[in-house]
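Listed here are the chains, written in short residue letters.
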Amino acid sequence: MALMDSKVWAGSVFSDGWTASRAGNAPVIEPATGSEMARVGVAGPEDVAAAAVSASKAQRDWAAASFEERAAVLRRAGQLFEEHAEEIQGWLIRESGAIAGKAGFETHVAAGECYEAAALASQSPGEILPTAKKRLSLARRVPVGVVGVIAPFNAPLILGIRSVAPALALGNAVVFKPDPRTAVCGGVAIARVFEEAGLPSGVLHMLPGGPEAGEALVADPNIPVISFTGSTAAGRKIGEVCGRLLKRVHLELGGNSALVVLDDVDLDRAVSAGAWGSFFHQGQICMTTGRHLVHASIKDEYVERLAAKAAAMRVGNPAVEDVALGPLIDTHQRDKVHGLVVESVESGARLVTGGAYEHLFYRPTVLTDLTPQAPAYAQEVFGPVAPVVAFSTPEEAAALARASEYGLSLGILTRDVMKGLALADLIPTGIVHINDQTVDDEAVAPFGGLGASGTGARFGGGRANTEAFTHTQWVTMQRDVAGYPF
Ligand code: NAD
């Protein structure tokens, strides 16, 4: 049977098996055509509460299972993502508007996240501590219990699985809420993979739903840790609630990342990197290159070549055509993107190419001569828009790059790598790529931002996932009950 056979999941949520939700179901819309592809269950606050109770019960046995058992489920999940990659990519292309390469990248990273998580299950869970008494003293990492995961639409598979897989591997249960616009490729796919991988019932609940379901999940007393990826505006609200409830929260939020292009680069390569940074997945990536800061001596040439490349790019339905850009996710996003472009032009920016759309297909757009206040430069656009601004000295480039509330990713292009690193030292950011654009992700790398891009928590490699999804417990043991003076 196909992994994604809709007979299994149509109209349902995944909560102790595939069940009807109390809140009903909703259509799955293909953005490129506007047609209804299927129906999926939609969760409301009552579904979230019931899932959290079930998850906290199931978590005890899952945490008590041997690491070998947990690792085997995660390994199998990785294999299933590989075996069914094409089928899942089909949904990513049609439901999220991804081109084939983006869809392939998502299933590749999803498998990698599962394999990395499988290895996490067998990592040493702690250390032996020195102690002044005759006893054994340990610091051990224990599961936090139930992790609430909330993911956005733009890289739906990666942004769900990067929390779901390590949280499960470390002995937690998960209540996962994908964005309802990508509920199948970013939700059903993950639930089906873990169902087939043999994850015990109740350990993972997958509940597509809107902000109301998300708010219920954040406030639920049975969910002590929240992992949220999405907009800065929603992240601020969630951070406030979690602060009041004294709940641990990981916030991975928006960005407006700069690509600094120094005057010694190979211009064709720089333009190609810049185009990828701004136009990959229609600019709907948190790390998208939102600001091109280009040395004044090459800026006009850079703009001209970038605009020529943009004008030649094909935009269309990636399910039926070979295109570089697919559709934006919905009319709300398209109108937001276009509004920022129009306002910027009204404020004096020069539209070099693009700035036009048909349905949800937005032309790759290049703007220049922007003031620092121009909305398409100052704000996160989340569309295929490349604003280009000139600088004269590295200090000026650093000052421009720093002048943003965000701090997610940074690209610096130069033949002098050490000069690039010295420049990076002047710009606070969670991620830096010297001689690459701003968009990248690997399951083994620590991922996260600063300032309005996030709380500084990290997912991914090193000890990041262990720290995110366990807490440290001090344990002592001695032969006899301790003696005291009274
Ligand atoms: P969004 O914040 O509106 O929605 C993201 C998710 O949060 C969705 O599942 C949504 O239903 C839910 N949600 C919305 N409001 C909520 C609330 N008050 N309480 C609980 N849940 C709530 O984000 P969006 O605009 O749809 O997605 C794009 C944004 O996500 C961009 O700003 C982008 O930069 C950011 N993003 C960040 C990263 C990262 O890792 N830093 C990755 C991808 C996207």
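Residues numbered from 1 in each chain as written. Predicted model: local features only at pLDDT ≥ 70, side-chain atom pairs only at ≥ 80, totals over all residues. Heavy atoms only, no water.

Side note on the overall build of the chain
Condition: Where helices and strands are cited, they refer to DSSP runs of H or I of at least four residues and of E of at least two residues respectively, numbered from the N terminus. Here the globule rule reads 2.2 Å times residues to the power 0.38, and the radius of gyration is calculated from C-alpha atoms. Each residue gets one of three labels from its accessible area relative to the maximum for its type: buried under 20%, exposed over 50%, partly exposed in between, using a 1.4 Å probe on protein chains only. Throughout, a contact is declared for two residues whenever any of their heavy atoms are within 4.5 Å.
Broken down by element type, the chain carries 16 helices and 23 strands. Rg of the C-alpha trace for the chain: 24 Å, near the compact-globule value of 23 Å for 486 residues, within the 12% margin. Structurally, the chain occupies a C-alpha span of about 80 × 60 × 40 Å along its principal axes. The buried share among the 486 residues of the chain stands at 58%. For the chain, contacts bridging at least 24 residues in sequence account for 72% of all contacts bridging at least 6.

A short note on the site of the ligand
Put simply, the rule is: Proximity is defined per residue: any heavy atom of the residue falling within 4 Å of a molecule or strand makes that residue near it. The definition of a polar contact used here is a pair of N or O atoms within 3.5 Å, where within protein one atom must be able to donate a hydrogen and the other to accept one, and adjacent residues in sequence count solely through side-chain atom pairs. Only the protein chains shown count as cover for residues, and the accessible areas themselves come from Shrake-Rupley with a 1.4 Å probe. Polar here means any residue outside two lists: the nonpolar Ala, Val, Leu, Ile, Met, Phe, Trp, Tyr, Cys and Pro, and the charged Asp, Glu, Lys and Arg; Gly therefore counts as polar.
What surrounds the ligand is a group of 30 residues, the closest being Ala151, Lys177, Ser231, Leu253 and Glu380. Within the side chain of Lys177, an N or O atom sits 2.8 Å from an oxygen atom of the ligand. Relative to its unbound accessible area of 860 Å², the ligand is 91% covered by the protein chains. Only helix H6 (156–169), helix H8 (211–219), strand E10 (225–229) and helix H9 (232–245) provide two or more residues apiece to the shell around the ligand. Here the shell around the ligand gets three residues from one element, more than from any other, and that element is H8. For the shell around the ligand, the residue count by class is 14 nonpolar, nine polar and seven charged.

Notes on the state of the cysteines
Here a disulfide denotes one covalent bond, and it connects the sulfur atoms of two cysteines. Convention followed: By disulfide we mean two sulfur atoms from cysteines, separated by a distance within 2.5 Å.
Here the structure, examined in full by the defined rule, presents zero disulfides. For the unlinked cysteine Cys114, the closest cysteine sulfur is that of Cys185, found at 16 Å. In this model Cys286 remains outside any disulfide bridge; the closest cysteine sulfur is found in Cys185, 16 Å from its own.

What to know about the sheet that holds strand E17 (residues 365–368)
The criterion, for reference: In short, DSSP must find at least two bridges between two strands for them to pair. For helices, the fitted line uses only the C-alpha atoms of the stretch in contact; every axis is such a line through C-alpha atoms, and the angle between N-to-C directions lies from 0 to 180 degrees.
Taking strand neighbours across the sheet as the criterion, the seven strands line up as E14-E17-E18-E13-E12-E20-E21 in an open arrangement whose pairing is mixed. Only two strands of the sheet have a single partner each, and these edge strands are strand E14 (350–353) and strand E21 (431–434). Adjacent strand axes in the sheet meet at a mean angle of 25°, parallel and antiparallel pairs treated alike. Sheet analysis places E17 next to strand E18 (residues 385–391), joined by four bridges and oriented parallel. The residue of E18 that forms the bridge with Leu367 is Pro387. Running over the sheet, helix H12 (residues 331–346) touches E14, E17 and E18 and is turned about 30° from E17.

Focus: the nonpolar core
To keep things clear, this is the line we draw: Here, nonpolar core refers to any group of buried Ala, Val, Leu, Ile, Met, Phe, Trp, Tyr and Cys residues whose side-chain atoms link them within 4.5 Å.
Grouped together as the largest cluster of nonpolar side chains are 89 residues, with contacts concentrated most on Phe81 and Phe194. With residues up to four places along the chain from it excluded, the contact list for Phe81 reads Ile88, Thr107, Ala110, Ala111, Cys114, Leu157, Ile161, Ile190 and Val193. With 28 residues, the next largest nonpolar core counts Leu328, Ala349, Ile412 and Ala424 among its residues.

Topic: the sheet that holds strand E23 (residues 470–477)
The antiparallel open sheet is built from three strands, whose spatial order is E5-E6-E23. In this open sheet, the two edge strands, each paired with only one partner strand, are strand E5 (126–129) and E23. Sheet twist, expressed as the average angle between the axes of neighbouring strands with direction ignored, equals 20°. Where strand E6 (residues 136–143) meets E23, eight bridges bridge the pair, whose relative direction is antiparallel. Residue Arg141 lies in a different strand from E23, and its bridge partner there is Thr472.

Concerning the domain arrangement of the chain
Interface size is commonly expressed as the accessible area that is lost once the parts come together. Our working rule: Domain limits in this description derive from either an automatic procedure or a database domain assignment. Summed over both partners, buried area is the accessible surface (1.4 Å probe) that two parts give up on being assembled. Each reported salt bridge corresponds to a side-chain nitrogen of Lys or Arg within 4 Å of a carboxyl oxygen of Asp or Glu.
Each domain of the chain was delimited in the assignment, giving domain 1 (6–253 + 454–475) and domain 2 (257–434). Each of domain 1 and domain 2 has a C-alpha centre, and the two are 31 Å apart. Buried surface at the junction of domain 1 and domain 2, both sides included, amounts to about 1,700 Å², of which 65% is carbon and sulfur. On the surface where domain 1 and domain 2 come into contact, there are two salt bridges. Taking the shortest distance from any N to any O, the salt bridge between Arg181 and Asp330 comes out at 2.9 Å. In this assembly, domain 1 and domain 2 are joined by five residue pairs in polar contact (both at pLDDT 80 or more). For the side of domain 1 that touches domain 2, the leading source of residues is helix H4 (residues 85–96), giving four residues. Among the residues making up the side of domain 1 that touches domain 2, the classes are represented as seven nonpolar, six polar and seven charged.

Remarks on helix H5 (residues 100–120)
Just so we agree on the cut-off: Residue count minus one, scaled by 1.5 Å, sets the expected span of a helix.
The end-to-end C-alpha distance of H5, which contains 21 residues, comes to 30 Å, matching closely the 30 Å that a straight helix rising 1.5 Å per residue would cover. Listed in full, the buried residues belonging to H5 are Lys102, Ala103, Glu106, Thr107, Val109, Ala110, Ala111, Glu113, Cys114, Ala117, Ala118 and Leu120. In the core, the buried residues of H5 are packed alongside helix H3 (67–83), H4, H6, helix H7 (184–197) and helix H16 (464–469).

Comments concerning the pattern of salt bridges
Under the definition given, this model contains 19 salt bridges. Between Asp47 and Arg22 there is a salt bridge, and its shortest N-O distance comes to 3.2 Å. Of the two residues, Asp47 is situated in helix H2 (residues 45–64) and Arg22 in the loop between strand E2 (18–19) and strand E3 (25–29); the sequence distance between them amounts to 25 residues. Classification of Arg22 as exposed rests on a relative accessible area of 57%. Notably, a salt bridge pairs Arg350 with Asp369, separated by 3.2 Å at the nearest N-O pair. With Arg350 in strand E14 and Asp369 in the loop between E17 and helix H13 (375–378), this pair connects stretches of sequence that are 19 residues apart.

With respect to the packing of H5 against H6
Here is the rule we go by: Angles are sorted into four bins: roughly parallel if under 35 degrees, roughly antiparallel if over 145, roughly perpendicular if 65 to 115, and oblique for all others.
Two numbers describe how H5 lies on H6: the axes approach to 8 Å, and their chain directions differ by 10°. Classified by the interaxial angle, the pair formed by H5 and H6 is roughly parallel. Where H5 approaches H6, its residues Phe105, Glu106, Thr107, Val109, Ala110, Glu113, Cys114, Ala117 and Leu120 are matched on the opposing element by Pro156, Leu157, Ile158, Ile161, Arg162, Ala165, Pro166 and Ala169. The class makeup of the residues in the contact of H5 with H6 is 13 nonpolar, one polar and three charged.

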